[in-house]
Each structure stands twice: as structure tokens, then as C-alpha cells.
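Residues per chain are reported as follows:
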Amino acid sequence: MTAAVQEALELDKVESHLHPEGSFDVEAHEVPKGREEIWRFTPLKRLKGIHDSAPFADGATKVEVEAAAGVTVETVAADDAVRGSSGLVPTDRVSARAWAASTGATVVRIPTDTVIEGATVIRHHGTGSETAGAGHAVIVAEKFAKATVVLVFEGSAVVADNIEIVVEDGADLTVVSVQDWADDAVHLSTQHAKVGRDANLKHVSVSFGGDVVRHDFSAEYAGPGGSVESLGLYFADEGQHIEHRLFVDHTAPKTKSHVVYKGALQGEKAHAVWIGNVLIRKEAEGIETYEENRNLILTDGAWADSVPNLEIETGEIEGAGHASAIGRFDDEQLFYLQSRGISETEAKRLVVHGFFNDLIRQIGVPELEEKLTGTVEAELAKNINTLITKDNA
């Protein structure tokens, strides 16, 4: 066991009622039955057994790296000390199994005092859904570094992975995780960040494809003044289950967190789940936090679950709040557009684009903006005619 892992195990237990105590021991995590708080929304029968004992094997994905100038990317052995440096300790059986099964880790490092132009892109191409794969990556932004790293998951695969993010003092890092899988893919990802003193992390999760995609993101602070901005965008189609779970652990004073997730759903049995939890510890005085989730239901038969939570252990804070909404098209917006000669079909497209576009611009990665806008348009094209026909029936 590495020194970093040992240190993580010796940390105070997480005091959140909604975030289980972690363990690297797979058998310390019982096989989920679906009644547990952290599993009650997830369709366990569709996970291909990775939550139980289905074997992992190499080759489930092929990895391609496009490293920006100045960024180093290497593969290290599973016992390398960099694993666990974020403080990640698995809080569920899938994460623990992926940790144990990973034979190594991809390490992305941005050197101290370096400002990187352009994004470093790591693409994971699925090679098939017959065998499950386990992955591990560590992204380190050293002191006063600034960079963008984009993780892309595509193709057909069954994958469980752990992604660690370390933002050292004064660094500024953007990490974008794009889940653009084929319709039969299963992907359970655990991503954990440690944010240093006066450091900034923008973490973005974008989920479109897949049969079941579950994305867990958590963050903690290694010093005062740290900031986390967590953005999410998702589009669930017929039969798809897309689930995002967030946990921001304010472990230091004068830290900030701002969470905004937006999703659209269309098609029979399209299901989206968003669980947001913020824990403000006793020592986290002077913090600011806000979390928001909004869902747009485009057709009958789709549904969303949205559960924001705040756990506050001190009253000495600057501000804390949350908002959650699930609804259909805004009739006033549609009326306004149609009264100006815009067709109903085009009006509904414009409303959805307006719903997403502000968030897409906030991502701040020009290389992705056009692609994400095009993907939203493609998703709309699948059901927009059906939607109009039903509304006019």
C-alpha cells in the first residue's frame, strides 16, 4: 500500500449521511441489492455484473492521447505512488473493484508555473461490450499551472473506472469528461478531486449515449481559498439511464463551490438521475456554495429524478443554497416565438438550444462548443417530429 493510500485511509471519516465511508477492500462493500441509498435509482440488472463479480479484462477500450505542448502523459504501474494522491477512497463496490483490477494508470501532468495553450485530449474507444474493462487515470496540475484536459469515451464497451484530479496550490485546471457512447455501452465512472489553496477547478461532465451511464464526481479541499465549478449537460433518449451523483466536501475555510447541471429527456423510459450533496464541515467557515439542476422533459414516457442536499455543520458561512426543477416546454416562450412567425418545430428547437447554449459557453473549451451544439441538434432530430405530431393530436 502506497503512502498516499495509507494517508487517505487515516483521514477522518466522512460525516455525510449520504456519502458512505470508503474502503479499498472490495469485500467491505456488499453487493448492491438496489435498496441502498446510493443504488436505489440505478438499474442493477443492466450493469452486466460489474457491481457483483463479473470478471475484468484488458482491451475493453483503446486509448489515444493528443497531448498539448508542455503536458506529459505516461502510463505507470498500479503500485505507483501517484495512485491515491487525490485522496480517493472507493465508496462503492464498483469503484473498489475497478481500483483492484486496474493494472496501471494513465498520468497526465502539467508542470509548475506552466500555462498550456490548447486542450490535452484522451480518447477511449470501446472495442465491444462482451468483456468488462477497468481503468484508472490521474490528472495533476502542479502549483500555479493552468491547463485543460478532455476525456472522451466513445464506442461500445462495459467500463468501470476511477479518475483522480489533483489541483495544487494556485493552479487553474479544467477537466471535461464526455460520455458519447454507443447505445449498448455501460459506464460507471468515479471521479475525485483534491483542490489546493487558492486553486481553481472547473469540472464538466457531458453524457449523451450509452445504455447505462453513471458518473460520480466528488471534491475536497486541501487548503483555504479553493474553488470548484461543476457543470453538467446530458440528453437521455428512449430506454437510456443517465445518472450523475455529486459530493462536494468543504473541508477548508473560505472555499467555494458552484454546481449547475442541465438535462433533456425524450422517448419512452428515458431516465435521468441527478443527486447533489454538499457537506459544510465545522472548520469550513466563510464558504460559499450553490447547486442547481434543471431537467426539460420533451416527450411522454420520460422521467427524471432530482435530489439536491445540503448538510451544514457551521452557521459561519457566506451563503449556501440549491435549486431543482423538472418540467416541459415553457408555453410563454413558445408563444412568443410563434407569434413572430416561427414554426412550432423551430420554436421548440430554439427553446432547447437556449436551454443548453448558456451552459455550453460556460465550459470554455472552443474545441468542444461546436461539437456539443451539433450533438444536441442530432438528438433533437430523433424525436422532434414525433413530439410535434403528438402535441397536435
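Once a new chain begins, its residue numbering starts again from 1 and follows that chain's sequence as written. Whole-chain, interface and lining totals are the exception, using all residues; otherwise, since this is a predicted model, local features are given only for residues with pLDDT of at least 70 and side-chain atom pairs are given and counted only at 80 or more. Values reported for side chains reflect all heavy atoms of the structure, with hydrogen atoms and water molecules removed beforehand.

Colleague: What is the right way to look at the side chain of Glu-243 in this model?
Modeller: In this text, helices come from DSSP runs of H or I with a minimum length of four residues, and strands from runs of E with a minimum of two, each type numbered from the N-terminal end. For Glu-243, the position within the fold is in strand β11 (residues 241–250). Separated by 2.8 Å, the side chains of Glu-243 and His-241 make a polar contact. Any two residues having at least one pair of non-hydrogen atoms within 4.5 Å are treated as being in contact. Apart from the residues lying within four places of it in its own chain, the contact partners of Glu-243 are Ile-38, Phe-41, Thr-42, Val-213, Arg-214, His-215 and Val-273. Here a polar contact means two N or O atoms within 3.5 Å. Within protein one must be a hydrogen donor candidate and the other an acceptor candidate, and residues neighboring in sequence count only if both atoms are side-chain atoms.

Colleague: Whenever I open this one, the domain arrangement of the protein confuses me. Can you help?
Modeller: Per the annotation, domain bounds derive from an automatic or database assignment of domains. For the protein, the assigned domains are domain 1 (17–328) and domain 2 (330–393). Each of domain 1 and domain 2 was reduced to a C-alpha centroid, and the two centroids are 27 Å apart. For the pair domain 1 and domain 2, the two sides together bury roughly 2200 Å², of which 70% comes from carbon and sulfur. Contact with domain 2 buries area across many residues of domain 1, yet Phe-208, Leu-233 and Lys-262 alone supply 23% of it, more than any other trio. Salt bridges are defined by distance alone: a side-chain nitrogen of Lys or Arg within 4 Å of a carboxyl oxygen of Asp or Glu. The tally of links from domain 1 across to domain 2 stands at one salt bridge. When two parts are brought into contact, each loses some accessible area as probed by a 1.4 Å sphere; the total of that loss over both is the buried area.

Colleague: Explain the pattern of salt bridges here, please?
Modeller: Two side chains bearing opposite charge may form a pair once their charged atoms approach each other closely. Throughout the structure, instances matching the rule amount to 13 salt bridges. Across the pair Glu-243 and Arg-245 runs a salt bridge whose closest N-O atoms are separated by 2.9 Å. Side by side, Glu-243 and Arg-245 carry an identical accessibility label, which is buried. Of the charged contacts in the structure, one is a salt bridge between Glu-292 and Arg-294, with a shortest N-O distance of 2.6 Å. In this scheme, a residue with accessible area under 20% of its type's maximum is buried, one over 50% is exposed, and one in between is partly exposed, where area comes from a 1.4 Å probe on protein chains only. Taking the relative accessible area as the measure of exposure, Arg-294 reaches 31% and is therefore partly exposed.

Colleague: Which parts of the structure should I look at to understand unusual backbone geometry?
Modeller: Trans is the prevailing form of peptide bonds, just as negative phi is the prevailing case for residues other than glycine. Phi is positive for Asp-113, which is not a glycine, with a value near 60 degrees. As for its placement among the helices and strands, Asp-113 is situated in the loop between β3 (104–110) and β4 (115–141). Asp-113 sits in the exposed class, given a relative accessible area of 56%. Phi at Lys-254 takes a positive value of approximately 55 degrees, unusual for a residue other than glycine. Its location among the elements puts Lys-254 in the loop between β11 and β12 (256–265).

Colleague: Would you explain the packing of aromatic side chains in this entry?
Modeller: Aromatic rings from Phe, Tyr and Trp, taking only the six-membered ring of Trp, are treated as a pair when their centres fall within 6.5 Å; an angle between ring planes under 30 degrees marks them as stacked, one over 60 as edge-to-face, and anything in between as tilted. Tallying each qualifying case throughout the model produces five aromatic pairs. The interplanar angle of 35 degrees and the centroid separation of 5.9 Å between the aromatic rings of Phe-153 and Trp-181 together place this pair among those described as tilted. With Phe-153 in strand β5 (residues 146–167) and Trp-181 in strand β6 (residues 172–181), this residue pair connects regions lying 28 residues apart in the sequence. A residue is classified by how much of its surface remains accessible, and Phe-153, at 2% relative accessible area, is buried. Note on Trp-181: relative accessible area 4%, which makes it buried. Taken together, a centroid distance of 6.4 Å and an interplanar angle of 45 degrees make the contact between Tyr-261 and Trp-274 tilted. One end of the pair, Tyr-261, is in strand β12; the other, Trp-274, is in strand β13 (residues 271–280), with 13 residues separating them in the sequence. The pair Tyr-261 / Trp-274 is uniform in exposure class, with both members buried. Grouped by ring-pair contacts, the aromatic residues Phe-235, Phe-355 and Phe-356 constitute a single cluster.

Colleague: I keep staring at the pairing of β3 and nothing clicks. Help me out?
Modeller: Side-chain direction in a regular strand flips from residue to residue, so the side chains alternate between the two faces of the sheet. By the criterion of burial, β3 is predominantly enclosed, with six of the seven residues buried. Here, a strand pair is defined by DSSP locating no fewer than two bridges between the strands. Taken together, the six bridges between strand β2 (residues 72–77) and β3 define a ladder with antiparallel strand orientation. In the sheet register, Thr-72 faces β3, and the bridge partner there is Arg-109. When β3 meets β4, the two strands line up parallel, connected through five bridges. Along β4, the bridge assignment pairs Val-107 with Val-138.

Colleague: Quick question: what am I supposed to make of helix α2 (residues 93–101) here?
Modeller: Every α-helical turn comprises 3.6 residues, leaving residues that sit three or four positions apart pointing alike. When you tally the buried positions in α2, you get seven out of nine residues, the bulk of the element. Three or more residues of α2 are buried, namely Arg-93, Val-94, Ser-95, Ala-96, Arg-97, Ala-98 and Trp-99. You can read the cap of α2 off the contacts: a side-chain oxygen lies 3.0 Å from the backbone nitrogen of Val-94, and it is on Asp-92.

Colleague: Even after reading the chapter, I still don't get helix α4 (residues 344–363), so can you show me in this structure?
Modeller: Expected span of a helix: the number of residues minus one, times 1.5 Å. Taking 1.5 Å of rise per residue, 20 residues should cover 28 Å, and α4 covers 29 Å from first to last C-alpha, within 8% of that figure. The quantity called bend is, for any residue, the angle between two axes fitted respectively to the seven residues ending at it and the seven beginning at it. Along α4, the largest kink reaches about 30 degrees and is centred on Phe-356. Within the span of α4, buried status applies to Ala-347, Lys-348, Arg-349, Val-351, Val-352, His-353, Phe-355, Phe-356, Leu-359, Ile-360 and Ile-363.

Colleague: So what exactly am I meant to see when it comes to the pairing of strand β8 (residues 200–207) here?
Modeller: Most of β8 sits out of view: seven of its eight residues are buried. The sheet contact formed by β6 and β8 spans eight bridges and is parallel. Across the sheet, residue Val-178 finds its bridge partner in β8, namely Val-206. Sheet topology places β8 next to strand β10 (residues 227–236); eight bridges connect them, and they run parallel. Bridge pairing links His-203 to Ser-230 in β10.

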